[in-house]
Amino acid sequence: ATAVELRNVSRWYGNVVAVNDISFSLGAGITGLLGPNGAGKSTILHMIAGFLAPSAGEVRVAGMTAWKNPEVYRHVGLVPEREAVYPFLTAYEFARMNARLHGLPDADAAAERAVDTVDLRGAMHRRIGGYSKGMRQRAKIAGALVHDPRILLLDEPFNGMDPAQRMQMMSLLKRLADEGRTILISSHILEELDQLANNVLVVVAGRLAASGHFREIRRLM
Ligand code: ADP
Ligand code: ADP
């Protein structure tokens, strides 16, 4: 089945139409989800993760309806935009907590593997509150990787990073994609997706305004 498929999906919050009749599908590799603040990017990511119900249309992950579907939770990792909310936990403790929430049989091993994957082994027993911006973002990604999901969703992962941190994040994301994952990265800056996303979906005011190869989209902008 297609990894991710949206069919005529809309989502409204009261009178606000956050997502307006969007359709697309995603296979393996990195896709960018580009749009200004308020365009509907987070809403789309949360619907794919199964945390938010579409108001209309269908969101399918690995052929299954995403909303509140435990099978879908097993396939998807979401890295939300907000700062890590557990500054007093170490990266290892944060990953292990997520592993337990997923009910993994060996949460310790899963946590250790996840912090290893994001290159935080050396700092994994220090509190996240003392990390640099780049390390905090990688700790969040470790939390989303504990159950080894084939689909990874990242909401504005480059926010507030300096160029060196961004490069390190890019190489991590490429590595995760090379392992065969489907990765969707939201951003409000097209250049952040350069050298990273093959395809870009452009969302403006809840609508899919354009989609295509990075170069085609850059020509349009
Ligand atoms: P983006 O991620 O592109 O910034 P969002 O999906 O966060 O966009 O928001 C899309 C629109 O929906 C915005 O107008 C936002 O204010 C509105 N919105 C998002 N979440 C809620 C909510 N829980 N209640 C009301 N309005 C919301
Ligand atoms: P980045 O934020 O991209 O990881 P840094 O230059 O901040 O880049 O960190 C590089 C390395 O230095 C980290 O992988 C870590 O081993 C170490 N380091 C930096 N800051 C801290 C910190 N506050 N606590 C623990 N280790 C740190």
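Residues numbered from 1 in each chain as written. Chains lettered and ligands numbered in written order. Predicted model: local features only at pLDDT ≥ 70, side-chain atom pairs only at ≥ 80, totals over all residues. Heavy atoms only, no water.

In the annotation of an unreviewed UniProt entry, the entry for the protein chain reads ABC-2 type transport system ATP-binding protein, and the organism field reads Longimicrobium terrae. The UniProt entry for the protein chain carries this comment under Sequence similarities (unreviewed entry): "Belongs to the ABC transporter superfamily." (UniProt positions renumbered as here; feature names shortened; annotations may be inferred.)

(A) Local environment of the environment of Gly134. Inspection of the secondary structure puts Gly134 in helix α5 (residues 133-145). Take Gly134: its relative accessible area is 2%, and that puts it in the buried class. In this structure, Gly134 is in contact with Met161, Gln165 and Met169, ignoring residues within four places of it in sequence. (Helix = DSSP H or I, 4+ residues; strand = E, 2+ residues; numbered from the N terminus. Buried < 20%, exposed > 50% of the residue type's maximum accessible area, 1.4 Å probe, protein only. Contact = heavy atoms within 4.5 Å.)

(B) Highlighting the site of ligand 1. Every residue near ligand 1 is listed here: Tyr13, Val16, Ala18, Pro36, Asn37, Gly38, Ala39, Gly40, Lys41, Ser42 and Thr43. Ala39 has a polar backbone atom sitting 3.1 Å from an oxygen atom of ligand 1. If ligand 1 stood free it would expose 560 Å²; the protein chains cover 58% of that surface. Elements represented by at least two residues in the shell around ligand 1 include exactly β2 (16-26) and α1 (41-48). (Near = heavy atom within 4 Å. Polar contact = N/O pair within 3.5 Å; in protein donor to acceptor, adjacent residues only side chain to side chain. Areas by Shrake-Rupley, 256 points an atom, 1.4 Å probe, with all protein chains shown as cover.)

(C) Highlighting the side chain of Asn98. Looking at the secondary structure, you find Asn98 in helix α3 (residues 91-101). Other than its neighbours up to four places away in sequence, Asn98 contacts Gly143, Ala144 and Val146.

(D) Spotlight on the packing of aromatic side chains. Tallied over the entire structure, the rule returns two aromatic pairs. Judged by centre distance (5.6 Å) and plane angle (50°), the rings of Phe51 and Tyr73 are tilted. Separated by 22 residues along the polypeptide, Phe51 in the loop between α1 and β4 (56-61) and Tyr73 in helix α2 (residues 70-75) bring together distant segments of the chain. A relative accessible area of 47% means that Phe51 is categorised as partly exposed. Each ring, one from Tyr86 and one from Phe94, has its centre 5.8 Å from the other, and the planes form 40°; the classification is tilted. Tyr86 sits in the partly exposed class, given a relative accessible area of 35%. (Phe/Tyr/Trp six-rings, centres within 6.5 Å; stacked < 30°, edge-to-face > 60°.)

(E) Inspection of the sheet that holds strand β3 (residues 29-34) at higher detail. If you walk across this open sheet you meet the six strands as β6-β7-β8-β3-β9-β10, and the pairing is mixed. The open sheet is flanked by β6 (76-79) and β10 (207-213), the only strands paired with a single partner. The average angle at which neighbouring strand axes cross in this sheet is 15°, direction not considered. Here strand β7 (residues 151-155) pairs with strand β8 (residues 182-187) via five bridges, running parallel. For Leu153, the partnering residue across the bridge sits in β8 and is Leu184. Across the sheet, α5 touches β6 and β7, and the angle it forms with β6 is around 160°. Sheet contacts for helix α6 (residues 163-178): β3, β7 and β8; angle to β8, the most-contacted strand, approximately 150°. (Pairing = 2+ DSSP bridges. Axes fitted to C-alpha atoms, helices over the stretch in contact; angles between N-to-C directions.)

(F) Looking closely at the site of ligand 2. Surrounding ligand 2, one finds Arg126, Gly130, Tyr131, Ser132, Gly134, Met135, Arg138, Gln165 and Gln168. In the model, an oxygen atom of ligand 2 is placed 2.2 Å from a nitrogen or oxygen of the Ser132 side chain. Backbone polar atom of Met135 to an oxygen atom of ligand 2: 3.4 Å apart, as the coordinates give it. Of all elements in the fold, only α5 and α6 reach the threshold of two or more residues within the shell around ligand 2.

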